[in-house]
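Notes for the structure review
Each chain, written out:
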Amino acid sequence: MLYNETLKQIGELNQEAMLLARNRMDNLIKPPGSLGLLEEIAVKVAGITGNPRPKIDKRAVIVMAGDHGVVSEGVSAAPQDVTWQMLPAFINGVAGIGVLARHAGASITVVDVGVAADVEIPGVLKCRVKSGAGNIAQGPAMTREEAVAAVEVGIRVALREIEQGATLLALGDMGIGNTTPSTAILAALGGYSADEVTGRGTMVNDEVLEKKRQAVAGALKINNPDPANGLDVLAKVGGLEIAGLAGVALACASKRVPVLVDGFITGAAALIAAAIEPKTKNFMLASHLSGEPGHKLMLEMLGLTPMLNMGMRLGEGTGAALAMHIVEAACRVLDEMVTFAEAGVADMEEDKLLKDN
């Protein structure tokens, strides 16, 4: 089965490549550590790829789309049809992710893994496992078998991109109401209550926020997801696009390709992937800190440091697309800057550098 085979292929970071990258980084013509997080990103990408001087070439954004039965609980200010209505704008490059992916030089693949409306949209990959996840406030989002199938959709799409030469992937999402299952995932895996982690999402007033809290609390009580079992949490309180994105993350880890986590929804998918196979988080990079309050907790659980803090909360993969430039910049610094020895410059001792700075 593709799911099991993918998990078997996920290994550890390449420590030798990281050591070589770190040694080179520390000897470049600059004070050690003076480029901050850029240095850490470059060294991590070296560990991910196994190349001590990695290069970012072709890049791709994968947007998974799915609907959620929990919308019937009044948890969203937008109607469910907005999910499928937005997809043409993604494909045509006029939505937020279209503009920013184009700016990043990245391709976009949009996948219908669980849209409720049975519509054909030219350019959208139709890999629908079911027409929308179940209402998690009343029962499970999907069966275990459906969860695995949706994860495998993400694996297949990511493998295709990697086979076509992608060296950096980004996670993107579309699904009205998906902050509610994402919050339930965070609560389940982090041991939080609904009150502690439920945020407003998009255009939500106090009344809708209270409905979200009740829906998340109800979902946790009714479904009783097992925090020690990522697949159980996904099937009970997750979503189909979240499952697909978890599959993308698992595939990237299995093929040693860095994957950029976007905001709150993709953060939930990253938590699921890491709960299924903990080594997966070694292959993730956090693009930005979302304006959604629970996102900071997600990144802490994953051990990831965000590159950007711009109050963004659109989703779609927009923050991840922006961060592609930063990942490339980090790798270019490592590869294209010269060392003191290569430049014929006297190497100042680290203790002197520290005193002078």
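What comes next concerns the included structure.

Quick notes on the rules
- Residues numbered from 1 in each chain as written.
- Predicted model: local features only at pLDDT ≥ 70, side-chain atom pairs only at ≥ 80, totals over all residues.
- Heavy atoms only, no water.
- 1 Å grid on protein atoms, 1.4 Å probe; cavity = no way out; pocket = protein on both sides within 12 Å on 5 of 7 lines; lining within 4 Å.
- Points joined across faces, edges and corners; volume = space filled by probe spheres on them.
- Helix = DSSP H or I, 4+ residues; strand = E, 2+ residues; numbered from the N terminus.
- Nonpolar A, V, L, I, M, F, W, Y, C, P; charged D, E, K, R; others polar.
- Core = buried A, V, L, I, M, F, W, Y, C linked by side-chain atoms within 4.5 Å.
- Buried < 20%, exposed > 50% of the residue type's maximum accessible area, 1.4 Å probe, protein only.
- Contact = heavy atoms within 4.5 Å.
- Axes fitted to C-alpha atoms, helices over the stretch in contact; angles between N-to-C directions.
- Parallel < 35°, antiparallel > 145°, perpendicular 65-115°, else oblique.
- Left-handed = near helix turned anticlockwise from the far one by under 90°.
- Pairing = 2+ DSSP bridges.
- Expected span 1.5 Å × (residues − 1).

1. A few points about the layout of surface pockets
One number sums up the size of the second largest pocket: a volume of about 220 Å³. For the second largest pocket, the lining is made up of 14 residues, of which L37, E40, K44, L285 and T305 are closest to its centre. Counting only elements with at least two residues in the lining of the second largest pocket, the list comes to α3 (37-49) and β6 (284-286). Here the lining of the second largest pocket takes 5 residues from α3, the largest share from any one element. The residue inventory of the lining of the second largest pocket, partitioned by class, reads 10 nonpolar, 2 polar and 2 charged.

2. Focus: the nonpolar core
M64, L87, L169, L260, M284 and V327 are the most contacted members of the largest nonpolar core, which totals 122 residues. Once residues within four sequence positions are removed from consideration, L169 is found in contact with A60, I62, A158, E161, I162, V248, C252, V257, P258, V259, L260 and M324.

3. Some details on the packing of helix α7 (residues 179-190) against helix α9 (residues 206-223)
Each pair of packed helices can be described by the angle between their axes along with the distance between the axes. It is the contact of α7 with α9, at a shortest axis distance of 9 Å, that shows an interaxial angle of 50°. In this view, α7 runs oblique relative to α9, as classed from their interaxial angle. Where α7 crosses over α9, the two elements pack in a sense that is right-handed. For the pair α7 and α9, the contacting residues are T179, T180, T183, A184, A187 and A188 in the first and K212, A215, V216 and L220 in the second.

4. Remarks on the sheet that holds strand β1 (residues 58-66)
On the basis of which strands lie adjacent, the open sheet formed by 6 strands has the order β3-β2-β1-β4-β5-β6 and parallel pairing. Since the sheet does not close on itself, it has two edges, and those belong to β3 (125-126) and β6, each with one partner. Bridge count between strand β5 (residues 259-261) and β6: 3 bridges; the pairing is parallel. Residue pairing in the sheet places V261 in a bridge with A286 of β6. Against the sheet, helix α12 (residues 264-276) engages β4 (166-174), β5 and β6, with an angle of about 115° to β4.

5. Observations regarding the packing of helix α2 (residues 15-26) against helix α14 (residues 318-336)
One way to put it is that α2 packs onto α14 with a least axis distance of 9 Å and a crossing angle of 75°. Comparing their axes, α14 and α2 come out roughly perpendicular. The residues of α14 that touch α2, namely those facing A21, R24 and M25, are V333, L334 and D335. Residue classes in the contact of α2 with α14 are distributed as 4 nonpolar, no polar and 2 charged.

6. What about unusual backbone geometry?
The backbone phi angle of R256 is positive, close to 60°, even though this residue is not glycine. Summarising the element assignment, R256 is placed in the loop between α11 (240-255) and β5. Judged by its relative accessible area of 27%, R256 is partly exposed. Phi at E316 is positive, roughly 70°, even though this residue is not glycine. Following the sequence through the fold, E316 ends up in the loop between α13 (294-302) and α14.

7. Considerations on α7
Taking 1.5 Å of rise per residue, 12 residues should cover 16 Å, and α7 covers 16 Å from first to last C-alpha, within 8% of that figure. Counting buried residues along α7, 11 of its 12 residues qualify, which places the element largely inside the surrounding structure. Inspection of α7 places T179, T180, P181, S182, T183, A184, I185, L186, A187, A188 and L189 among the buried residues, and these make up the whole buried set. Looking at the buried side of α7, the elements it contacts are α8 (194-197), α9, α10 (230-237), α11, α12 and α13. Downstream of α7 by one or two residues, G191 has phi in the positive range, about 75°.

8. Some points on α12
For α12, built from 13 residues, the straight-helix expectation of 18 Å at 1.5 Å per residue is met to within 8% by its first-to-last C-alpha distance of 18 Å. Burial runs high along α12: 12 of the 13 residues are buried. If you check which residues of α12 are buried, you get F264, I265, T266, G267, A268, A269, A270, L271, I272, A273, A274 and I276.

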